[in-house]
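Okay, here's what each chain looks like letter by letter:
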Amino acid sequence: MDQGLTAATYEPIRPHWFYRKPVDDEDLWLPFSQYDNNKLNSAFDESTEGQEEVVATDDAHYDVLLRERIRRAAYWEEEPTAVLRATWFYKGDMDPHYIPYPESLSEHLELAYMEATLRDQWRKTVEFPTGEVVVLLNPMLATHWLPRTTVEDWDSSEMHRNTYSVKRGIENTGYEIPEGEPETVDHLVFMVHGIGPACDIHFRSIISCVNGFRTVARDLVETHCSAARAEGQIGRVEFLPVDWHNPLHATGVDKVIHRITLPSIERLRTFANETLLDLFFYSSPAYCQIILDTVATELNRLHGLFCSRHPDFQGEVSLVGHSLGSLILFDLLTNQVIGLGHPNIPEDSGRCVGAILAPSPQSKGLKATLSSLSSDGNQQSKFHRMRLMISSVDNESFNIGVGQAYIRYPQLSFNPCILFALGSPIGMFLTVRGLRHIDPDYSLPTCKGFYNIYHPLDPVAYRIEPLIQHNTCLPPVLIPHITAKRTHLKSSTALPQSGRTYGISPGMLNRGRRIDYVLQQTAMESINEYLFAIQSHLCYWDSEDTALLLLREIYEESGIVLEDLSS
């Protein structure tokens, strides 16, 4: 007990707040950062009885309700967990770390410790309702005895199995307490997942994947922006998850699918129903509308909530979409109306026919639709964008245009800065919809940047630049490895490692900059491409190279160049 003092001298213990977190089927108690702990203690000391105090913690990702002693997520759905104002801790021989006592037991121990200190009377026992006993031997030593064990058993060879080590205060308990100083949010990024409830090879949810990606990005900022951080030029980039899979499957459609699913090869059919069916759902007008409405509503909700929790935020917003999520975002952004963005939009601002990807009426045909739009002064902007996007479509063969039929595209309450597509099938879907060529002058109406990032073995990913410059063969940009170029690569040596265009314009979809960026495969992946194909489609959430590219492009908008540590 490291905070014990001399006789007749007593100082109250300095508590530290903990929260419970399930890890591998085990509930662990983890400490709040020192910054959050100070906030919680201050709010606790200033709170009035009967009134709930809510304290934002963990970079405002969670709220702690002091009176209820729970910690709940602010942005996403997650089971609330308990919090604890810890003062006393115990540890058995088999325990990997000290565990905080419940607050009621800690209060009993602290009261007994105060009496023993003021009276200088030690070997004081505190009995718990369970029959367990804590013996305060002296100001620096206490022992927790399990039931059916008495002080007379101290000489027993089994003693160490029936006792716990006890400490007063969090010092020397082995916990690493981060400082947790608040950082200014420079940029906000929303991340939209692809098909299925699991996002990576470890079957993690979108929330866990984004939390991991945020940690990777924060570590990269520490290592690659040390000078800018020292000068106070940058803070951090915030990443928030956008979930559309659970709301879609909460519509009751899964029950119908289950009734019509054959009983054979159950695991394979269950996997297909939970994942691959999302592609068919997005191709269905009814469920495509649900998905688009869910994503747009969630984006607007999260953006508004974030701004309310960070009222001083002045940065830009970007979007990241993985797999099908990138197509969802691309469809939304191609159908945004200029002028309806931040800060407010009308409540009923969706459109029945998208300006870019939605089809023209079949009865009129594509050419007739373009002709009518060109003669309508109020539709000049719509006509111009549609003409740019589909100027090279074979209109005799593709009468229905290039978009989804009868989709009412919702509007976002903000204008994103950049769209990052990871392992994206956008190029394939546009081609299947009838698009043969993207006009070089085309750009997303409310988003100025677009990057198509993929792993070379990703079976779902397709390129974009060949749709813009179909008569040339501009190779993708090779994304540098975080430390250096992987020396085992041979075919990649000819790929450019910068965004140079070599005199060939990649179009205005990314402001005249390169669009297609390819990751470097590892030595193990190069041995058997088919073996790592599925894994390559799920690799982006843990990829430092992907996170570093995002950070470079995001901070380049603010004129900040990340340090190159590969040399």
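Quick caveat, the model's predicted, so the values are computed rather than measured.

Visitor: Can you tell me about the overall build of the chain, naming the residues and giving the values?
Guide: Helices and strands together make up the secondary structure of the chain, namely 16 helices and 19 strands. The burial tally for the chain puts 49% of its 567 residues in the buried class. Working note: accessible area of the chain is about 27,500 Å², and carbon and sulfur atoms make up 52% of it.

Visitor: Could you give me a rundown of the sheet that holds strand β4 (residues 62-65), with the residues and numbers involved?
Guide: Judged by pairing direction, the sheet is antiparallel, and its 6 strands sit side by side in the order β2-β1-β6-β5-β4-β3 without closing on themselves. Edge positions in the sheet fall to β2 (26-31) and β3 (54-57), since each has one partner strand and no second. Strand-to-strand, the axes of this sheet are offset by a mean angle of 35°, without reference to chain direction. As paired elements, strand β1 (residues 16-23) and strand β6 (residues 81-86) share 4 bridges and run antiparallel to each other. Bridged to His16 within β6 is Ala86.

Visitor: Before we move on, can you summarise the sheet that holds strand β10 (residues 133-138) with the specific residues and values?
Guide: Note: strands within a sheet are paired through backbone hydrogen bonds, in either parallel or antiparallel orientation. Read from one edge of the open sheet, 6 strands run β8-β7-β12-β11-β10-β9, paired in antiparallel fashion. Only two strands of the sheet have a single neighbouring strand rather than two, namely β8 (99-100) and β9 (124-127).

Visitor: Describe the pairing of strand β14 (residues 236-242), naming the residues involved and giving the relevant values.
Guide: Taken across its 7 residues, β14 has 7 buried, putting it largely inside the fold. On β14, burial covers both faces: Arg236, Glu238, Leu240 and Val242 on one face and Val237, Phe239 and Pro241 on the other are all buried.

Visitor: Can you break down the packing of helix α7 (residues 266-283) against helix α8 (residues 285-309) residue by residue, with the values?
Guide: Two elements in contact, α7 and α8, have axes whose closest approach is 5 Å; the angle formed by their N-to-C orientations is 100°. Classified by the angle between their axes, α7 and α8 sit roughly perpendicular to one another. In this structure, α7 uses Phe281, Tyr282 and Ser283 to contact α8, whose residues at the interface are Pro285, Tyr287, Cys288, Ile291 and Leu292.

Visitor: Describe the pairing of strand β15 (residues 316-322), and please don't skip the residues or the numbers.
Guide: Summarising burial for β15: 6 of the 7 residues are buried, a large majority. With 4 bridges connecting them, β15 and strand β16 (residues 418-422) associate as parallel partners. Pairing of Val320 across the sheet is with Phe420, part of β16.

Visitor: Quick one: what's the story with the environment of Val83, residue by residue and with numbers?
Guide: Its place among the elements puts Val83 in strand β6. Discounting chain neighbours no more than four positions away, the residues touching Val83 are Trp17, Phe18, Tyr19, Trp29, Phe32, Val64, Arg69, Ile70, Arg71 and Glu103.

Visitor: Describe helix α16 (residues 544-556), and please don't skip the residues or the numbers.
Guide: Along its 13 residues, α16 runs 18 Å from first to last C-alpha, staying within 8% of the 18 Å computed at 1.5 Å per residue. Within α16, the full set of buried residues consists of Asp545, Thr546, Ala547, Leu548, Leu549, Leu550, Leu551, Glu553, Ile554 and Tyr555. Capping of α16 at its N-terminal end is provided by Ser543; its side-chain oxygen lies 3.4 Å from the backbone amide nitrogen of Asp545.

Visitor: So what about the nonpolar core? Which residues, and what values?
Guide: Judged by nonpolar contacts, the single largest core of 101 residues is most densely connected at Phe190, Phe239, Val295, Leu299, Leu419, Phe450 and Ile453. With 9 residues, the top contributor of residues to this core is helix α3 (residues 206-224). If we ignore the near neighbours within four places in the chain, the residues touching Leu299 are Phe190, Val242, Leu319, Leu329, Leu412 and Phe414. By size, the runner-up hydrophobic cluster in this structure holds 24 residues, among which are Tyr90, Tyr113, Val126 and Tyr175.

Visitor: Explain the packing of α8 against helix α9 (residues 324-334) residue by residue, including any values.
Guide: In contact at an axis separation of 10 Å, α8 and α9 are set at 80° when each is read in the N-to-C sense. With respect to α9, the axis of α8 lies roughly perpendicular. Note on element contacts: α9 touches α8 through Ile328, Leu329 and Leu332, opposite Ile291, Leu292, Val295, Ala296 and Leu299. Among the residues making up the contact of α8 with α9, the classes are represented as 8 nonpolar, no polar and no charged.

Visitor: Lay out the confidence of the model for the chain with the relevant residues and their values.
Guide: Per-residue pLDDT for the chain averages 83, and the proportion of residues at 70 or more is 80%. Segment residues 382-387: pLDDT under 50, and 20 contacts once partners within four positions in sequence are set aside and those in other chains are kept. Low pLDDT (under 50) marks residues 390-402, which in the prediction has 34 contacts with non-local residues, meaning those over four places away or in another chain.

Scoring rules and cut-offs
- Residues numbered from 1 in each chain as written.
- Predicted model: local features only at pLDDT ≥ 70, side-chain atom pairs only at ≥ 80, totals over all residues.
- Heavy atoms only, no water.
- Helix = DSSP H or I, 4+ residues; strand = E, 2+ residues; numbered from the N terminus.
- Buried < 20%, exposed > 50% of the residue type's maximum accessible area, 1.4 Å probe, protein only.
- Areas by Shrake-Rupley, 256 points an atom, 1.4 Å probe, with all protein chains shown as cover.
- Pairing = 2+ DSSP bridges.
- Axes fitted to C-alpha atoms, helices over the stretch in contact; angles between N-to-C directions.
- Parallel < 35°, antiparallel > 145°, perpendicular 65-115°, else oblique.
- Contact = heavy atoms within 4.5 Å.
- Expected span 1.5 Å × (residues − 1).
- Polar contact = N/O pair within 3.5 Å; in protein donor to acceptor, adjacent residues only side chain to side chain.
- Core = buried A, V, L, I, M, F, W, Y, C linked by side-chain atoms within 4.5 Å.
- Nonpolar A, V, L, I, M, F, W, Y, C, P; charged D, E, K, R; others polar.
- pLDDT = per-residue confidence, 0-100.

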